[in-house]
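A closer look at the structure
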Amino acid sequence: MKPSPHPHSGPERPAPGLPALPGRRGFLGGLLATAALAAAGPAHAAARPAPAPAPSNAPRATRPLLLGTYTSEAGGGAGIGTAAYDTATGAITPGSVITGVDNPSYLALHPSGSTVYAVAEQDAGAVTAVALAPDGTYEVLGSRPTGGSGTTHLSVHPSGRWLLSANYGSGSVAVHPVAEDGALGERTDLVTHSSPPPGPGQGGPHAHQIVTAPDGGHVLAVDLGTDTVYTYALDESAGTLTEVSRAALAPGSGPRHLAFHPGGRFAYLACELDNTLVVCAYDPATGALTPGPGQSTGTGSGTSYPSQPVVTGDGAYVYLANRGPNSLTRYAVEDDGATLRLLDTVPVGGDWPRQLALSPDSSLLFAANQRSSTVTVFGVGPDGSLTAVGDPFPAPVAVCVLPLP
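Residues numbered from 1 in each chain as written. Predicted model: local features only at pLDDT ≥ 70, side-chain atom pairs only at ≥ 80, totals over all residues. Heavy atoms only, no water.

**Notes on the sheet that holds strand β17 (residues 255-260)**
- In spatial order, the strands read β17-β18-β19-β20; together these four strands make up an open sheet with antiparallel pairing. The outermost strands of the open sheet, each flanked by one partner alone, are β17 and β20 (289-296). Pairs of neighbouring strands in the sheet enclose a mean axial angle of 25°, with direction left out of account.
- Taken together, the six bridges between strand β19 (residues 276-282) and β20 define a ladder with antiparallel strand orientation. Within β20, the residue paired with A281 across the bridge is T290. (Pairing = 2+ DSSP bridges. Helix = DSSP H or I, 4+ residues; strand = E, 2+ residues; numbered from the N terminus. Axes fitted to C-alpha atoms, helices over the stretch in contact; angles between N-to-C directions.)

This is the structure we're talking about:
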């Protein structure tokens, strides 16, 4: 992959002013390497071991966990890592590796729970579908090109019929149809962010995230390069995007990822270049996003490179990962989502927390730590407090963690 001046995506993107990425080792070693070799073979083999979501009414003490990585990087993984986590203690146990998937640095689950989708973050960007069967087998259903480079994020439309992806390198967003079996069809749209001009120090647009608003009526694309969030209407018959609004962030702020409050009227946007979290009002009727002033990450002086916010299921707390100081910021949500109150920060227990995820019941918080090749787990208290549980779990170049329901 080509180097980038910013530290938000890719295996060769050290932060400005920080040392290059340290050498990484395949910590899973015998835990995952043996499984990866055993599973190696044709990409479309249909009976390989991997945890899959059980029926929603099946009681169990553990649930599956999927891990994104870079397969092209020394010390990286061999595909999508699998594991299981204890829903009471947060303890993670390793599983096998889903091979035949290149550079799966971000993962998203279909609403049915039967298919997972992965980006291929590389020059020729692509998205891959993997079917997860109730009996614990999986099948790689194939990949489709996104039409852009450095595909870094993807999400499934709530209808389950469309896959949305963001191409960081080319600053574009793409749409693919989803078949009934979860497989992907040929791309139906590709939109490049050609305006406004790139922000200070940016060489062009850099689409970093694409998500559907909670009302299901609009699709929002966050572009770090143009300091803009674009709102689109998705034609659910044709699979095409039409821009209906755009929100301008502070020049040079570098908006990266947003997370909606469950009430659907506010979103919290991490800006990685000016070290802020922005509360944005959202109008479901028009799709308009209105950013407020940038708020402190509570990390003090220096660049914190905030990466991703997450919101608890009850909408009471927001957590933000900060890669520079390797910390998590905790905010209390007030005024029905309109206000955030900074509470504190805690060490993440790893190096370069690239992505965060909450368990389905918001009782556990997982952090994927890219440079330390670990996943750290925190118990979430009734007051939103975070308590580290267990030892860091070894995961080669951990850049995404996806707990399954």
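**Some remarks on the pairing of strand β24 (residues 339-347)**
- Two strands pair when backbone bridges link them, and strand β23 (residues 327-334) and β24 are joined in this way by eight bridges, in the antiparallel orientation. In the strand pairing of β24, T329 is matched with T345.
- Counted along the chain from β23 to the antiparallel partner β24, the turn is four residues long, and its residue D335 has a positive phi close to 55°.

**Observations concerning the sheet that holds strand β15 (residues 228-235)**
- Spatially, four strands are ordered β13-β14-β15-β16 in an open sheet, and the strand pairing comes out antiparallel. The strands lining the two open edges of the sheet, one partner per strand, are β13 (207-212) and β16 (240-248). Within this sheet the neighbouring strands show an average axis-to-axis angle of 25°, counted without direction.

**Remarks on the confidence of the model for the chain**
- Confidence along the chain averages 88 in pLDDT terms, with 85% of residues attaining 70 or more.
- A low-confidence stretch, residues 1-6 (pLDDT under 50), is modelled with 22 contacts involving residues beyond four sequence positions or located in other chains.
- Long-range and interchain partners of residues 8-59, a stretch whose pLDDT sits below 50, account for 142 contacts in this model, where long-range means more than four residues apart. (pLDDT = per-residue confidence, 0-100. Contact = heavy atoms within 4.5 Å.)

**Things to note about the side chain of H257**
- Along the chain, the position of H257 falls in strand β17.
- The buried category is assigned to H257, whose relative accessible area is 5%.
- A distance of 3.4 Å separates the side chain of H257 from the backbone oxygen of H208, its partner in a polar contact.
- Residues in contact with H257, not counting those within four places in the same chain, are Y106, H153, H208, Q209, V222, Y268, L269, A270, S307, Q308 and P309. (Buried < 20%, exposed > 50% of the residue type's maximum accessible area, 1.4 Å probe, protein only. Polar contact = N/O pair within 3.5 Å; in protein donor to acceptor, adjacent residues only side chain to side chain.)

**Looking at the state of the cysteines**
- Taken as a whole and judged by the stated rule, the model has zero disulfides.
- Here C271 stays unpaired: no disulfide links it, and the sulfur of C280, its closest cysteine neighbor, is 7.6 Å away. (Disulfide = S-S within 2.5 Å.)

**Let's talk about the environment of P347**
- Among the secondary structure elements, P347 is positioned in strand β24.
- The exposure class of P347 is exposed, given its relative accessible area of 64%.
- The spacing of P347 and P325 is 22 residues in sequence and 8.1 Å in space, taken between C-alpha atoms.
- Residues within four places of P347 in sequence aside, it is in contact with N326, S327 and F378.

**Some words on the pattern of salt bridges**
- Applying the stated criterion across every chain yields a total of seven salt bridges.
- Salt-bridge contacts for E186 lead to R144; the nearest nitrogen and oxygen are separated by 2.5 Å. Note that E186 is positioned in the loop between β11 (172-177) and β12 (189-192) and R144 in strand β8 (residues 137-145), a separation of 42 residues in sequence.
- Taking relative accessible area as the criterion, E186 reaches 53% and is therefore assigned exposed.
- Look at R144 and you get partly exposed, because its relative accessible area is 26%. (Salt bridge = Lys/Arg side-chain N within 4 Å of Asp/Glu carboxyl O.)

**A look at unusual backbone geometry**
- That bond from S195 to P196 is cis: its omega, 0°, falls within 30 degrees of zero.
- You can see P196 is positioned in the loop between β12 and β13.
- Even without glycine at this site, D227 takes up a positive phi of about 55°.
- Judged by its relative accessible area of 5%, D227 is buried.
- The phi dihedral of S362 is positive, around 65°, even though this residue is not glycine.
- Mapped onto the secondary structure, S362 falls in the loop between β25 (353-358) and β26 (364-369).
- S362 gets classed as buried once you look at its relative accessible area, which sits at 12%.

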